[in-house]
Each structure stands twice: as C-alpha cells, then as structure tokens.
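# Results of the structural survey
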Amino acid sequence: MLAKRIIPCLDVHAGKVVKGVNFIDITEVGDPVACAMEYDRQRADEIVFLDITATHEGRATMRDVVRETARNVFVPLTVGGGIRTTDDFRDMLRAGADKISVNSAAVYRPALIGEAAGKFGSQCVVLAIDGKKSGEVTDADDPRFGMARYNVYTEGGRKDSGIDVVEWARRGERLGAGEILLTSMDTDGTKSGFDLGMLNAVCGAVSIPVIASGGGGDLPSFAELFEKTPADAALAASVFHYGTYTVDDIKAACRARGIAVR
Amino acid sequence: MIAVIDYDAGNIFSVKNALDHLGFESVQACRPDDVVKADKLILPGVGAFPDAMRSLRERGLADAIVREAKRKPLLGICLGAQLLFEKGYEFAETDGLGLIPGYVDAIVAPGMKIPHMGWNSVRVTNPSPLTKTVHDGDMLYFVHSYKAVTDERYISLASEYGQPLPALVRGGADGQIYGAQFHPEKSGSVGLGILRGFAEL
C-alpha cells in the first residue's frame, strides 16, 4: 500500500532556516542541516528546502546545505527557490538533491519544465504552484463554470500572473513535470486547514502526484486532507518548525483514521 | 572496494553518500577497467532504458559488467535494476544486460497514478542476505513507471501497486546479482540495512 507522505519544508535564507507567515513577516531560527536531521529522526518521508534568498551567493550557500544534508539524511531531498535554468538543476542535483522544484521561472518560460525533464527525468521536476482564489470561472464553455477560480502567483506570492491554476497544472504535466507542489496562499500560514477546494480541482485535472501545502495546522487537518482529497502528500513548515507537532504525531493521527503512512 | 558505475545516467553521489555513512569505501567507476578492479559493483540509474543501455555500451561498460558479474556481487538500483533483465520495452524494444531472465514493461494500474512514486510496503518472498533486516510491511522509496516481469523464484522482496511489483530481484549462478527497484540509498534505515547487506556480501 502506497503511503501518504508527510513532508516538512525548511525555508532557508542565507544558510539559516526561517519561516514566513503568509509569505511576509519572516522570523529566523536554526541550522538547516540540523533541522533536516531532526525531521529525518521523526520519520519525515521527504525533506524540502526552499531557498528564499535566490541570489548568486545564496545559491552557493544552499548548495553547501544540500551537500551536507545529503551526507546525513537518507530520504529524498527536494530543493526549490530561484531555479531558472537546467544548469541550476544540475548544480543542485550534483550537490545531492533528488528533486528540484520550479515556480516563477517556469511561469515565465514554461519550456524550462520540458528541458529539465528531458535532461534529468520527469521524476526530479516538481512544478511548484502558488495559487490564490480569484473569483469564479466565468467562461460558460468551461465545465467549471461558476466554480471557484484560482490564479497562479509568482515572485513568492507577490505577483498575480492571471493564469488559471488548474490550466497551469495540466500544462505542467504535459510539459513533463513529475509532481505538483500546490500551495494555497489563502491558507498558508493560517493553520486553518488545507485548501481542499483548490486541491480537488487540481487533483482532478492531472494524473501525477500532488503535494498539498499551506494551512496544515492541527492534527485532524492532515487526516482531513487525505480523506477529502486524493492528494498524495502534505507539506508543512511552521507546525514542525515551532515543534507544535512532530512528523510522527501527524502520522499517528492519520494512522488512527485508517490512512496508510510510513 | 565497491565500484559505483557512473555512466551519466543518474545520481551516483547519493549511493556514495550512503556507503560512506555506513563506513564502506567506494569509488566512482567510469571505465571498464574500474569495473574489473572492484570487488563489488553497484549500477545506479535514472532515465530511460534505451539511453542507459546505449550509454553503457558506448563506454564499453555493458560487456565489462556482464563479464565481471560472473565473479563478483552486483546490485542494480532503479533503472539499473531494470537493465539487468533480457529486454526492455520503454519507447522501443531494447536488449538489456541479460543477467536475470525476464523483461521490463510499463506498469499498468488503471485508476492509479503513474509514476509509482513514494513509500510502499514490501513482503519478503525469498529471503536473501540483503533482506536479513527487512520485515514484512517495511516501507521503501520507489519512483518508476516501468517494472520487471520475471519468474517468482527471482523475486526476493515483493510490493504491490494495482498489480504485483517485484521490489528486489535476485539472480546469477551463485545468487550474487541483485536488482532493487526502490532506492535503498533514499529509503531511510530499512534501505540502509539492505545496502549494508550488499556491502557485507
């Protein structure tokens, strides 16, 4: 039985772990390698590093963090933030990352997805999408007419691209993405539960795995996600970062409701 | 010394990291010579079957592996495990290394997501030195869209994803040829136990 994955995310700025709340107000704590090792001990199924520096210097620091983590942690590692070219992919893969997530750069130049998938395989290309509710679908020919519409945001949630999230996910899959990491900007940092509506819309449109992000708060919110959507994994940062729950706590809560976890 | 075969088809660093962590020395092997000198061979791999076989042949590694696998343990990982079989049907029919009877074909699992990606449980069907520390129900990390089709006697660990899925296969005259469809180097302590079992053969 394939397990639902619980994935802690570490936001890294200049080599240090920070956690943003609703994509703004950043508070700093911790050494990323030590944090990753702790999450591994808690049975994290994967670990995601998000480089929020995204400068040349930041990139070099991030490479060192990935290299050091890969020597000590033996679960899949994903790295994202400021990845723009297949050379960026190669750099991080050589440092020990297993998957690379792309966000804004893929919106600006969708061909990046196919280039990376062709060079390194779809399995390592994660399309990260930041979505925000934006009215309703107004196209009368669209089967989702009248339902909620979500727009893709870029630049760490600062810029509305005007692109429909569901369309973009579908296109990402066609271009060669191996997985979708879907963050709801409406629920991110609120701990009010995942954005089940947006997740169901995207899960219904693609056949690749979808990682849900944004809003994971109390223990039942994770079980609820897996009961009410076909999402394959849940990603969260603050609940783990501030020690509210361990990865194991969340898995125990899921297991108690009959959800397969490792 | 364990040679991790580097033929431009995958992340050999993760495998080396895991071996370092376990305290086993390994070298990166790019040439047939390196394969001859090693005591044990690991063949990693991600990507497509035909490209990987072409890459192994172009470097003279395919012949060296087939020859050396008669006298030293070999562990294929992921695509590397698939290459051990006689044929692959990814894009086009392609000859594999032919070290274990069987072929490699697409996973057909209606209503389920492809690739088969994530942690899945395994059952020990034929115990082997690599499965000493594995228990029924233990989970390993998989990422693949193709699977081996082979006789049950070659399957040491079995998994399931809409259909039966060989997880660890074993062949060769003295049972020293192994293929792990999962990533032992990314499967936490259970995976490291399997890798240790191989390194200690």
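Provided above is the structure to which this section pertains.
Now for a quick tour of the structure. Note that the structure is a prediction, hence the values are computed from the model and not measured. (Residues numbered from 1 in each chain as written. Chains lettered and ligands numbered in written order. Predicted model: local features only at pLDDT ≥ 70, side-chain atom pairs only at ≥ 80, totals over all residues.)

## Structural notes on the overall build of chain B
Helix and strand counts for chain B come out as six helices and 14 strands. Relative to its length of 201 residues, chain B is compact, with a C-alpha radius of gyration of 15 Å against a globular reference of 17 Å. Put simply, of all contacts in chain B between residues at least 6 apart along the chain, 69% involve residues at least 24 apart. (Helix = DSSP H or I, 4+ residues; strand = E, 2+ residues; numbered from the N terminus. Rg over C-alpha atoms; globule rule 2.2 N^0.38 Å. Contact = placed C-beta atoms within 7 Å.)

## Let's talk about the nonpolar core
One finds A:Ile100, A:Ile180, A:Val202 and A:Ala212 to be the most contacted residues of the largest nonpolar core, which totals 153 residues. Not counting residues within four places of it along the chain, the set of residues in contact with A:Ala212 comprises A:Leu182, A:Phe194, A:Leu199, A:Leu225, A:Thr229, A:Ala231, A:Ala233, A:Ala234 and A:Leu235. (Core = buried A, V, L, I, M, F, W, Y, C linked by C-beta atoms within 7 Å. Buried ≥ 20, exposed ≤ 12 C-beta atoms within 10 Å, placed from the backbone.)

## Details of the sheet that holds strand β6 (residues 94-95) of chain B
Residues and elements named next belong to chain B. Taking strand neighbours across the sheet as the criterion, the four strands line up as β6-β5-β7-β11 in an open arrangement whose pairing is mixed. The open sheet terminates on both sides in strands that have one partner only, identified here as β6 and β11 (146-149). With four bridges joining them, strand β7 (residues 100-106) and β11 adopt antiparallel strand pairing. Counted as the bridge partner of Asp 105 is Lys 147 from β11. (Pairing = 2+ DSSP bridges.)

## What about the sheet that holds strand β3 (residues 40-43) of chain B?
Residues and elements named next belong to chain B. Taken together, the eight strands give an open sheet; going across it, the order is β2-β1-β3-β4-β14-β13-β12-β9, and neighbouring strands pair in mixed fashion. Where the open sheet ends on each side, the last strands, each with one partner, are β2 (26-29) and β9 (123-124). Direction of pairing for strand β12 (residues 155-160) relative to strand β13 (residues 164-171): antiparallel, over a ladder of five bridges. Bridge assignment links Leu 157 to a residue of β13, and that residue is Leu 168.

## Focus on the packing of helix α3 (residues 86-95) of chain A against helix α5 (residues 111-120) of chain A
Residues and elements named next belong to chain A. Look at α3 against α5: their axes get within 9 Å of each other, and the N-to-C directions meet at 40°. Between α3 and α5, the angle falls in the class oblique. Where α3 crosses over α5, the handedness of that crossing is right-handed. Here α3 contributes Thr 86, Phe 89 and Leu 93 to the contact with α5, which in turn contributes Glu 115, Ala 116, Lys 119 and Phe 120. Per-class residue counts for the contact of α3 with α5 are four nonpolar, one polar and two charged. (Axes fitted to C-alpha atoms, helices over the stretch in contact; angles between N-to-C directions. Parallel < 35°, antiparallel > 145°, perpendicular 65-115°, else oblique. Left-handed = near helix turned anticlockwise from the far one by under 90°. Nonpolar A, V, L, I, M, F, W, Y, C, P; charged D, E, K, R; others polar.)

## Describing α5(A)
All names here are of chain A. Turning to α5, its buried residues number three or more, namely Leu 112, Ile 113, Ala 116 and Phe 120. Each buried residue of α5 sits inside an arc of 100° when the element is viewed along its axis, so together they form one side. Next to the buried residues of α5 lie α3, β6 (99-102), α4 (104-108), β7 (125-136) and α6 (165-175). At the C-terminal side of α5, Gly 121 shows a positive phi close to 95°. (Arc of directions from axis to C-beta.)

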